[in-house]
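Here is how the chains run, residue by residue.
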Amino acid sequence: MKGDFDVIVIGAGHAGLTAAICAAESGASVCVLEVSPKNVRGGNSKHTRNLRPMHESALHPLEGSYGFDEYMDDLLRVTDGETNQALATLTLEASANSVPWLKDHGVAFQPPLGGTLHLGRTNAFFLGGGKAVMNALFQCADKLNITVVYEALDIQLDVDNGVFRRVDYSHQGNTEHLTAASLVVAAGGFEANLEWLAEAWGDAALNFLVRGTPYNRGDILRQLLAADAVQIGDARQCHAVAIDGRAPQFDGGICSRIDCVPLGIVVNNQAERFYDEGEDFWPKRYAIWGRLVAAQPDQVAYSIIDSQSAGLFMPTVFPPVEAPSLRELAEKLGLPQESLSTTVDTFNHSIVEADFNHQILDGCHTQGLAIAKTHWARKLDKPPFRAYMLRPGITFTYLGVEVDANARVKFNDSTCTSNIFAAGEIMAGNVLGQGYLAGIGMTIGSVFGRIAGREAARHAR
Amino acid sequence: MQDELTQTSAPVTAPNLLPLYEESARIMTICNACRFCEGHCAVFPAMEQRLTFDRETVDYLANLCHQCGACYQHCQYADPHEFNVNVPRVFAEVRHSSYAHYAWPKGMAWAIRNAGRFTILTTLLATAFFLLGVTLSGDQSSEGVGFYAVISHNTMVTIFSFVGWLILLVWYFSIRSFWLTTALPGIFNIPLPVYRRAMVSILTLKNLDGGHGHGCYQQGEVASQLRRVFHQMTMYGFLFCFVATSLGTIYHYGLSAPAPYDWLTAPKFFGVTGGVSLLVGCAGLWWCRRSTEQAIETEDGGLGNSLIGLLFFTSLTGLALPLLKGTEYLAIILCLHLGFVLALFLNFAWGKFMHSIYRCVALLASEYEKLRQ
Ligand SMILES: Cc1cc2nc3c(=O)[nH]c(=O)nc-3n(C[C@H](O)[C@H](O)[C@H](O)COP(=O)(O)OP(=O)(O)OC[C@H]3O[C@@H](n4cnc5c(N)ncnc54)[C@H](O)[C@@H]3O)c2cc1C
Ligand code: SF4
Ligand code: SF4
């Protein structure tokens with residue numbers, strides 16, 4: 001061994017643990033440094049519910065097939081071509097092994113969750129969700145004698161000419177140093193670092209809610225970039241959705257979602273509509289609403305429905321604000337009353353009556369409005385009226401380090417072969433330059449976690 | 001404006017301050033928006049059929065919960081998250097309160113709330129009653145053989161059939177009031193497949209398999225089949241003993257072949273295997289309870305241990321009887337045995353035993369809902 005360990009992994013999320021397990025299974029001695037305490041471990045991965053594996057034939061619990069071409073088409077469409085074709089090809093192909101690999105490591109799967117049938121062919125759902133996945137992986141790590149250090153604070157990497165030398169960190173008040181032959185960085189993105197986001201988004205970012213862990217602050221990413229690692233993506237690219245404005249600042253996870261947007265109207269705090277609420281099915285549109293709300297004054301908006309929509313959307317975690325009239329609703333929400341009445345009246349008068357059906361792209365639309373609603377447009381006139389406050393909730397960031405097909409981090413002007421490998425969100429931008437495809441985050445972590453672990457172990461030999 | 005909004009959010013973020021049923025509704029509302037645990041057990045699919053969680057619904061869902069712990073171990077909103085979601089703990093408390101709520105007559109709710117004390121008291125009184133009976137009836141009757149030499153068959157039958165009828169009456173009213181809170185129609189209007197599926201869940205204890213078949217998480221993060229195995233040893237042991245008693249009755253009246261029976265007869269076979277299975281099962285369950293993850297554990301006033309204890313000691317004394325035949329200890333152990341049996345009978349009506357009945361009704365209701373969908 002050329003150091004204290006063969007391989008050091010930074011970040012104990014899904015990508016990091018996958019790398020650690022693969023390295024250990026290749027015979028390496030592995031240490032994982034994780035900043036969070038044990039009782040909140042699991043990073044953003046603990047909030048996930050599925051991944052998206054390529055499968056040419058049925059792959060329990062997935063039925064039918066989701067072949068390479070269809071998958072690649074989907075990826076190219078959502079990213080608008082912002083992807084490294086070679087790495088994307090590699091990712092999709094290797095994703096076929098993700099489900100078997102996870103099953104071998106104690107993860108169970110189940111058919112799609114209630115309300116997500118549209119993902120039944122493409123996305124493999126974890127039984128019990130992401131925390132069940134993480135618990136299973138931590139149990140594997142334990143069996144493989146992988147050292148996991150929680151609360152490894154203030155990690156400082158010593159990187160010279162693209163080569164990792166040693167890591168310093170503080171643990172329980174002491175300063176510790178470790179050396180290893182290779183390093184895997186899997187410390188997630190920087191979505192919890194609102195100040196960093198503000199550099200790209202302006203002060204609007206300070207009003208963002210963070211859907212996942214407060215620990216993904218991008219400190220490791222910053223250090224690598226400072227050590228001249230090649231940057232991929234830019235800080236404005238992120239996955240942000242419109243979520244319930246009352247969600248906690250961090251770790252609100254999946255349950256703060258609001259699915260009733262297409263059923264009613266959405267207004268900003270001037271009580272004015274600002275985008276077509278019925279453009280497409282919600283699962284295809286929710287990811288643009290984060291940005292839309294972020295662009296409104298004070299980064300806030302209100303989704304307003306009437307009693308006709310009750311029960312047509314997934315239940316919400318917080319109860320709606322409810323009032324018998326629009327006036328009273330405006331008062332409760334603190335919106336200008338006149339303005340809200342005008343907006344709703346104008347909207348109601350512009351509706352072209354048709355058969356309403358929220359399960360198809362129906363013919364209900366508006367006519368003559370500056371901002372049309374193209375489907376599911378129904379008069380808002382059946383009290384009680386209900387409203388949910390929306391805020392941008394950031395899921396993850398895309399800016400990262402560039403890697404090659406061996407998950408090796410690329411450095412500008414380096415003359416050495418780097419011993420630093422990256423996996424997960426910290427390098428997801430290589431494959432997903434923009435946009436989003438449900439389940440692709442965990443897929444990238446799974447594929448590059450396995451590659452990084454294997455290659456880091458190989459490098460250590 | 002902010003105040004208004006934070007006020008409405010209070011039910012979601014004010015853990016531990018709420019009364020039981022509000023706390024349950026708060027947690028179910030979070031779960032219903034999350035749904036990650038859908039595959040673990042029957043509770044979550046039943047929850048997804050609903051938007052609001054009133055007392056009846058919560059009683060139903062709580063009795064459907066087998067406290068396997070999976071949804072706690074896998075909850076992204078568990079302590080230290082501010083949502084502080086802990087389904088198994090709150091549902092365990094609801095179940096305890098529901099046993100008392102559906103007790104008949106109402107006054108017997110105290111027996112469930114003070115299960116430990118009630119059990120000790122009834123065991124002592126019942127044993128004393130038999131001891132006194134034996135002592136007062138003077139020298140032991142010589143008409144009977146075996147135990148009947150101590151207490152005559154007729155006396156036993158009189159006492160236990162009286163208590164038996166009482167239990168049936170209590171069951172009728174308790175089951176009825178719980179039944180009415182569920183979506184179930186009358187027993188004859190339930191389609192057969194519903195009975196069949198519920199039966200499979202009961203016989204295999206499906207809901208303790210974690211949804212993946214590897215078992216439950218009562219002891220922590222790692223799934224284990226132990227509790228499922230011990231529970232079924234207890235359940236089948238109990239059923240075997242029940243079969244043994246029924247066969248005994250048939251032998252006695254139908255075949256005019258009164259006890260004691262030989263080792264190789266059917267009543268003895270079922271009695272002994274059932275009894276041994278009960279001993280192991282109960283000891284195992286007791287160990288499981290002791291090692292349960294603290295976070296999902298609740299104080300139940302001896303409710304759980306009282307049933308385990310009664311079953312264990314009934315079985316232990318029952319197995320000891322044939323071995324003591326002809327010795328001076330027979331009379332006292334028989335009285336002790338009958339004391340445990342009588343206390344156990346009372347537990348059937350006003351004790352933890354009722355969990356099995358409400359659980360069966362809840363499973364039936366959940367299968368019925370699934371079929372109707
Ligand atoms: C609410 C939510 C739902 C999601 N749902 C899905 C889904 O269903 N499917 C899907 O594919 N993707 C989903 N995603 C995206 C997915 O979470 C990520 O793509 C994936 O978890 C990335 O894995 P990772 O291991 O790279 O990061 P993480 O799981 O976030 O792990 C990073 C780890 O690094 C640690 N760390 C950070 N900084 C440091 C430091 N300086 N020192 C030491 N350790 C550090 C963190 O504490 C954390 O444990 C979701 C994200 C969110 C927020
Ligand atoms: S127990 Fe937790 S993870 Fe499971 S459904 Fe409820 S909120 Fe979601
Ligand atoms: S503890 Fe187990 S049985 Fe009870 S609700 Fe949770 S997963 Fe279901």
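Residues numbered from 1 in each chain as written. Chains lettered and ligands numbered in written order. Predicted model: local features only at pLDDT ≥ 70, side-chain atom pairs only at ≥ 80, totals over all residues. Heavy atoms only, no water.

**Remarks on the overall build of chain B**
Phase 1: Looking only at helices and strands, chain B features 15 helices and 0 strands.
Phase 2: Against the 2.2 N^0.38 benchmark of 21 Å for 373 residues, chain B shows a C-alpha radius of gyration of 23 Å, consistent with a compact globule.
Phase 3: Seen along its three principal axes, the alpha-carbon backbone of chain B occupies a region of about 85 × 40 × 40 Å.
Phase 4: Per-residue burial over chain B gives 53% buried out of 373 residues.
Phase 5: In chain B, 73% of the contacts between residues at least 6 apart in sequence involve partners at least 24 apart.
Phase 6: Carbon and sulfur atoms make up 66% of the accessible area of chain B, which totals about 17000 Å².
Phase 7: Placing the 23 positive and 24 negative side-chain charges of chain B at their respective mean positions leaves the two points 6 Å apart. (Helix = DSSP H or I, 4+ residues; strand = E, 2+ residues; numbered from the N terminus. Rg over C-alpha atoms; globule rule 2.2 N^0.38 Å. Buried < 20%, exposed > 50% of the residue type's maximum accessible area, 1.4 Å probe, protein only. Contact = heavy atoms within 4.5 Å. Areas by Shrake-Rupley, 256 points an atom, 1.4 Å probe, with all protein chains shown as cover. Lys, Arg positive; Asp, Glu negative; His and termini not counted. Charge placed at Lys NZ, Arg CZ, Asp CG, Glu CD.)

**Let's talk about the domain arrangement of chain A**
Residues and elements named next belong to chain A.
Phase 1: Domain annotation of chain A identifies domain 1 (5-199 + 213-236 + 398-460) and domain 2 (240-393).
Phase 2: Placing a centre on the C-alpha atoms of domain 1 and another on those of domain 2 gives a separation of 35 Å.
Phase 3: At the junction of the two partners, domain 1 supplies 11 residues and domain 2 supplies 9 residues.
Phase 4: Interface area, domain 1 with domain 2, both sides summed: about 800 Å², of which 56% is carbon and sulfur.
Phase 5: The largest share of the area that domain 1 buries against domain 2 comes from H47, R49 and P214, three residues that together contribute 44% of it.
Phase 6: The tally of links between domain 1 and domain 2 comes to 0 salt bridges.
Phase 7: Taken together, the connections running from domain 1 to domain 2 amount to 3 residue pairs in polar contact (both at pLDDT 80 or more).
Phase 8: Of the residues assigned to the side of domain 1 that touches domain 2, the class counts are 3 nonpolar, 5 polar and 3 charged. (Domains from an automatic or database assignment. Buried area = accessible area lost by both parts, 1.4 Å probe. Salt bridge = Lys/Arg side-chain N within 4 Å of Asp/Glu carboxyl O. Polar contact = N/O pair within 3.5 Å; in protein donor to acceptor, adjacent residues only side chain to side chain. Nonpolar A, V, L, I, M, F, W, Y, C, P; charged D, E, K, R; others polar.)

**Regarding the site of ligand 3**
All names here are of chain B.
Phase 1: Around ligand 3, the structure places H40, C41, V43, F44, C65, H66, Q67, C68, G69, C71, V87 and P88.
Phase 2: Sorting the residues of the shell around ligand 3 by element identifies α3 (43-48) and α6 (87-101) as the ones contributing at least two each.
Phase 3: Here the shell around ligand 3 is composed, by residue class, of 8 nonpolar, 4 polar and no charged. (Near = heavy atom within 4 Å.)

**Some words on the packing of aromatic side chains**
Phase 1: Considering all chains together, one arrives at 34 aromatic pairs over all chains under this definition.
Phase 2: Arranged with centres 5.8 Å apart and planes meeting at 55 degrees, the rings of F109 of chain A and F126 of chain A form a pair that is tilted. You can see F109 of chain A sitting in strand β4 (residues 109-110) and its partner F126 of chain A sitting in strand β5 (residues 124-126), a full 17 residues away along the chain.
Phase 3: Where F130 of chain B meets F160 of chain B, the ring centres are 6.2 Å apart and the plane angle is 10 degrees; that geometry is what we call stacked. Of this pair, F130 of chain B sits in helix α8 (residues 115-136) while F160 of chain B sits in helix α9 (residues 153-181), and the two are 30 residues apart along the sequence.
Phase 4: Given a relative accessible area of 4%, F130 of chain B falls into the buried group.
Phase 5: Here the aromatic cluster, defined as three or more aromatic residues joined through ring pairs, consists of F129, F130, F160, W171, F238, F345, F348 and F353 of chain B.
Phase 6: Directly above the aromatic system of W201 of chain A lies the positively charged group of R236 of chain A, at a separation of 4.4 Å from the ring centroid.
Phase 7: Note that R378 of chain A overlies the ring of F356 of chain A, its terminal NZ or CZ placed 3.5 Å from the centroid. (Phe/Tyr/Trp six-rings, centres within 6.5 Å; stacked < 30°, edge-to-face > 60°. Lys NZ or Arg CZ within 6 Å of the ring centre and 35° of its normal.)

**Points about the site of ligand 1**
All names here are of chain A.
Phase 1: What surrounds ligand 1 is a group of 37 residues, the closest being E34, S45, N50, N216 and M442.
Phase 2: Here an oxygen atom of ligand 1 and a backbone polar atom of A15 are 3.0 Å apart.
Phase 3: In the model, an oxygen atom of ligand 1 is placed 2.8 Å from a nitrogen or oxygen of the N216 side chain.
Phase 4: Relative to its unbound accessible area of 1000 Å², ligand 1 is 96% covered by the protein chains.

**Section: the domain arrangement of chain B**
Residue and element names in this part refer to chain B.
Phase 1: The domains assigned to chain B are domain 1 (2-101) and domain 2 (106-372).
Phase 2: Distance between the C-alpha centres of domain 1 and domain 2: 30 Å.
Phase 3: Domain 1 puts 31 residues into the contact, and the matching count from domain 2 is 34 residues.
Phase 4: In total, about 2900 Å² of surface goes out of reach between domain 1 and domain 2, with carbon and sulfur atoms giving 58% of it.
Phase 5: Sorting the residues of domain 1 by area buried against domain 2 places Y60, H66 and Y99 first, and these three jointly supply 27% of that buried surface.
Phase 6: Connecting domain 1 to domain 2 are 1 salt bridge.
Phase 7: Run the count over domain 1 and domain 2 and you get 15 residue pairs in polar contact (both at pLDDT 80 or more).

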